[in-house]
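# Observations on the three-dimensional arrangement
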Amino acid sequence: MIQRFCFGHPFPTESVVQQLPVCTGPIPCLTPDGDGWRYTLAEDAVVYGLGEMPRGINKRGWHYITNNTDESEHGENKLSYYGAHNFLLVRSGAEVFGVFIDFPGKVYYDIGYTRHDTLIFRTETPDYELYLLTGGDEAALSKEFRQLIGRSYIPPKWAFGLAQSRFGYKTEADIREVAAQYKAHDLPLDMICMDIDYMQNYADFTVNQSRFPDLKRLSDDFKAEGIRLVPIIDAGVRIDPEDETCQEGLARDYFCKKEDGTPFVAAVWPGKAYFADFLRPEARAWFGQRYHVLTDLGIEGFWNDMNEPALFYSPERLKAVLTNVAALSRKDNLDHTEFFGLLRDVTGLINAPEDYASFYHEVNGRRVRHDTVHNLYGGSMTRAAGEAFATLRPGKRTLLYSRSSVIGSHRYGGIWLGDNHSSWAQLLANIQMMPNVQLCGFLYTGADLCGFDEDTTPDLALRWLEFGLFAPLMRNHAGADTRPQEFYRFVDELPAFRAMLRLRYALLPYLYSEFMKAALENGSYFRPLAFDYPNDPDAREVEDQLLLGEGVMLAPIYSQNAHGRAVYLPEPMKLLRLRAVDDYDEEILPAGHHYIRCGLDEVLLFLRPGHAVPVAKPAVNTARLDETSLTLWSFCPDGQRPAYRMYTDDGVSTDCDKPEHWKILH
Ligand code: MIG
């Protein structure tokens, strides 16, 4: 059951798709607490949700602020990342409930941080809708929540292949080289992402003609090989009187404005930039149509970046800081307050709260200050693109994933998890973030495999792939000036990398079917163990194993030098210790706690009783995948061969609802 409550004058976020009557009277489960709400957590209580946030699967023990932020240093002490996913799912004693706070500004959470037994949340201002979900277990309530927020975005099937990316591919030759190396090393590949260097002066919807003289031809050549180019689009529009996007946006008056009515300006990669007012439907429609510049060249997928929006500096604040610096430069001895103040002023130029409070959106003729609706911005850019693709590429699915997001934008695109770094802690963070992000509707998601910032190592890269090969978005992406980490770089471990990539492709019949079940039936892809074993207290404690679809449990290795790990089995399972799709040991294990060996070149896959997993022969890309002769891996303790409900389609049409896509495998 879902109950809707309404406070003050909520901003229409369009996050939910169901029109429910407003309830009055007290909110079950919650107690008023100042401007917010409080709940007393039982000793065994677990709190899921908040999507893209630091810390474990269980969010208890920390505090958080949803405030979409270009956070360049990920870590467990951060309070905010790029997305606003204001959904909590609480199990406390016998009580299970979900709460969605539909609010476009900051929401503050204290989840057992100040007091271990107390959950408190409040919105920045008291104008919001609150949805309370009760009357079911974790699995039932998460399904009900997904019905409330609407169907998740479905990418084309080739988006489940491998994407290779790097902030640093600058020319057509660089990109051709990556494809050639993948081929030469017999490694599968479906996508190469193009980072900002393909643009002319970092201006959206332009292509640098000297570095990419014929992007259409490049894209066509690649498509013939089954590889797609996936260019990036940034939120900021370069200020340049010669630039078409800039000209059009100004002429139509679609950019966000300052208090004095002139367009808001902040610098990002292209230098000074304007920011489209994505909250206006007509500005969204216009910006979305601009993607035609690239779809006309045959491009079928995009990633949207910097859309929190990230701001390097505003000219006003830069000037103020430089004036300050000039004054200090006349002194020959800065005391500690002056010195540390100077450092703070300079680093504080980036993503400054004052800048977010200095520009406005236009909503139904009314001016709305950006910081009060900040968390809608990135998701609205995704929506601009997603809505436009319906007319730019009718009947076809277009790949789209974004850095910033809000619940609601999961209907238009996926997300990637931003600028993580190459560390074992971040691999664990990736594992723990996935189920919570998907719980909030973002099914098509993945983190930068091997890590974005800092230098990776071959063992970390391999372990990361051994988890990432199960994620819907499987992308190897790296920051500029980091150690090269394309999978063919790891010469000594190459056979293991190849085997793991081939395993991914062989598992696609299962992974794609389970994704489609999750998307079409509001089911789940990754989820915590407790969702299927709600009455098992040990399952509730597990922070480093995930269920994947109907029949699989994963226990990834995320520790340096580990050749095994502790694994908890809530029920008997069949373990496959895979070195390759056709090279594995299997063992039937009883329920309980185990220590399981797993070499660096192995991955652990657990089959649940009564379930089957269809497996294809490996392929060089999704287009060449042969799904006609499948093997079924299964665990049937009762001797009865389990059937599998499989989804197949052409992978690109938007006709996903047709019943003929489903068949039963025996
Ligand atoms: O300020 O386009 O998260 O994936 O490589 C950095 C360059 C801007 C941030 C993205 C990252 C991308 C990078 N971008």
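All figures in this text were calculated on a predicted structure; none of them were measured in a lab. (Residues numbered from 1 in each chain as written. Predicted model: local features only at pLDDT ≥ 70, side-chain atom pairs only at ≥ 80, totals over all residues. Heavy atoms only, no water.)

### A closer look at the pairing of strand E19 (residues 301–305)
To be explicit about the condition: Buried means the residue's accessible area, taken with a 1.4 Å probe over protein chains only, is under 20% of the maximum for its type, while exposed means over 50%, and partly exposed covers the values in between. Counting from the N terminus, the helices are the DSSP runs of H or I reaching at least four residues and the strands are the DSSP runs of E reaching at least two. Should DSSP find at least two bridges between two strands, the strands are regarded as paired.
Extensive coverage of E19 is indicated by the burial of five of its five residues. Here strand E14 (residues 228–234) pairs with E19 via three bridges, running parallel. Residue pairing in the sheet places Asp 234 in a bridge with Asp 305 of E19. Two elements, E19 and strand E22 (residues 399–402), share four bridges in a ladder whose sense is parallel. Looking across to E22, one finds that Phe 302 is bridged to Leu 400.

### Some thoughts on the packing of aromatic side chains
Put simply, the rule is: For this analysis, a ring pair means two rings from Phe, Tyr or Trp (six-membered ring only for Trp) whose centres lie within 6.5 Å, classed as stacked if their planes differ by under 30 degrees, edge-to-face if by over 60, and tilted for the remaining angles. Placement of a charge over a ring requires the Lys NZ or Arg CZ to be within 6 Å of the ring centre, with the centre-to-atom vector within 35 degrees of the ring normal.
What the rule picks out here adds up to 47 aromatic pairs. Arranged with centres 5.9 Å apart and planes meeting at 45 degrees, the rings of Phe 264 and Phe 275 form a pair that is tilted. With Phe 264 in the loop between strand E16 (257–258) and strand E17 (266–268) and Phe 275 in strand E18 (residues 271–275), the pair connects residues that are 11 residues apart, well separated along the chain. Phe 275 shares its class with Phe 264; the two are buried. Considering the side-chain rings of Tyr 510 and Tyr 644, the 5.7 Å spacing of their centres and the 40 degrees angle between planes classify their relative orientation as tilted. Residue Tyr 510 is found in helix H14 (residues 508–521), and its partner Tyr 644 is found in strand E38 (residues 644–647); the two are separated by 134 residues along the sequence. Using a relative accessible area of 1% as the deciding quantity, one classes Tyr 510 as buried. Above the plane of the ring of Trp 62 lies Arg 55, whose end atom (NZ or CZ) is 4.0 Å from the centre. Positioned over the ring face of Trp 416 is Arg 475, at 5.1 Å from the centre of the ring.

### Examining the packing of helix H11 (residues 424–439) against helix H12 (residues 458–468)
Where we set the bar: Only the stretch in contact is used when a helix axis is fitted, and all axes are lines through C-alpha atoms; the angle between N-to-C directions ranges over 0 to 180 degrees. Should an angle fall under 35 degrees it is taken as roughly parallel, and over 145 as roughly antiparallel, whereas 65 to 115 is taken as roughly perpendicular and any remaining angle as oblique. Contacts were defined at the residue level, with two residues in contact if any of their heavy atoms lie within 4.5 Å. Three categories are distinguished: nonpolar for Ala, Val, Leu, Ile, Met, Phe, Trp, Tyr, Cys and Pro, charged for Asp, Glu, Lys and Arg, and polar for the others, with Gly belonging to the last.
Here H11 crosses H12 at 5 degrees, and the two axes come no closer than 10 Å. Our classification of the angle between H11 and H12 gives roughly parallel. Contacts from Trp 424, Gln 426, Leu 427, Asn 430, Ile 431 and Met 434 of H11 reach H12 at Asp 459, Leu 460, Arg 463, Trp 464 and Phe 467. A per-class count over the contact of H11 with H12 returns seven nonpolar, two polar and two charged.

### Details of unusual backbone geometry
That bond from Glu 308 to Pro 309 is cis: its omega, -5 degrees, falls within 30 degrees of zero. Mapped onto the fold, Pro 309 is located in the loop between E19 and helix H7 (315–329). Located in the positive-phi region is Leu 50, a residue other than glycine, with phi close to 65 degrees. The topology assignment puts Leu 50 in the loop between strand E4 (46–49) and strand E5 (62–66). Residue classification places Leu 50 among the buried residues on the basis of a relative accessible area of 0%. The residue Asn 351 is not glycine, and still its phi comes out positive at about 50 degrees. Within the fold, Asn 351 resides in the loop between helix H8 (336–347) and helix H9 (353–356). Judged by its relative accessible area of 17%, Asn 351 falls in the buried class.

### Looking at helix H3 (residues 215–224)
Helical periodicity: at 3.6 residues per turn, an α-helix aligns residues three or four positions apart in one direction. Note the cut-off: Read the arc as the range of directions from the helix axis to the C-beta atoms.
Listing the buried residues of H3 in full gives Leu 215, Leu 218, Ser 219 and Phe 222. Buried residues of H3, viewed axially, fall in a sector of 95 degrees; they line one side. Set apart from the buried face of H3 by more than 90 degrees, the exposed residues are Arg 217 and Ala 224. Here the buried face of H3 lies against helix H2 (172–184), strand E13 (191–194), E14 and helix H6 (292–295).

### Quick word on the nonpolar core
Condition: The criterion is simple. A nonpolar core is a set of buried Ala, Val, Leu, Ile, Met, Phe, Trp, Tyr and Cys residues joined through side-chain atoms within 4.5 Å.
Ile 192, Phe 287, Phe 470, Phe 487, Leu 507, Phe 526 and Trp 633 are the most contacted members of the largest nonpolar core, which totals 165 residues. For this core, the leading source of residues is H14, giving nine residues. In this structure Leu 507 touches Leu 469, Phe 470, Leu 605, Val 613, Val 615 and Trp 633, once residues within four positions along its chain are discounted.

### Details of the sheet that holds strand E21 (residues 366–369)
Spatially, three strands are ordered E16-E20-E21 in an open sheet, and the strand pairing comes out antiparallel. The open sheet is flanked by E16 and E21, the only strands paired with a single partner.

### Comments concerning the pattern of salt bridges
Put simply, the rule is: Salt-bridge detection follows one rule: a side-chain nitrogen of Lys or Arg within 4 Å of a carboxyl oxygen of Asp or Glu.
Inspection of every chain in the model, using the stated rule, returns 53 salt bridges. Ionic pairing is found between Arg 540 and Asp 44, a salt bridge with its closest N-O pair at 3.4 Å. Of this pair, Arg 540 sits in helix H15 (residues 537–541) while Asp 44 sits in the loop between strand E3 (36–40) and E4; the two residues are 496 residues apart in sequence, bridging distant segments of the chain. Overlapping salt bridges bring together Asp 70, Asp 305, Glu 308, Arg 403 and Asp 419 as one network.

### Quick word on the layout of surface pockets
To find leftover empty space, a probe the size of one water molecule is rolled over the atoms. How we decide: Site definitions follow a grid-based scheme: protein atoms alone, a 1 Å grid, a 1.4 Å probe that fits but cannot get out for cavities, and for pockets an open set with protein on both sides within 12 Å along at least five of seven lines, plus lining residues having an atom within 4 Å of a point. Grid points are joined across faces, edges and corners, and a volume is the space filled by probe spheres set on the points.
In this structure, the largest pocket spans a volume of roughly 800 Å³. If you go around the largest pocket, you meet 35 residues; those closest to its centre are Asp 70, Glu 71, Ala 310, Ile 350 and Asn 351. Elements supplying a minimum of two residues to the lining of the largest pocket: E19 and H9. Here the residues of the lining of the largest pocket sort into 16 nonpolar, nine polar and 10 charged. Approximately 420 Å³ is the volume attributed to the second largest pocket. Tyr 153, Ile 154, Arg 397, Arg 411 and Thr 654 are the residues nearest the centre of the second largest pocket, which is lined by 19 residues in total. Per element, the largest residue contribution to the lining of the second largest pocket is three residues, and it comes from helix H10 (residues 377–392). Here the lining of the second largest pocket is composed, by residue class, of eight nonpolar, five polar and six charged.

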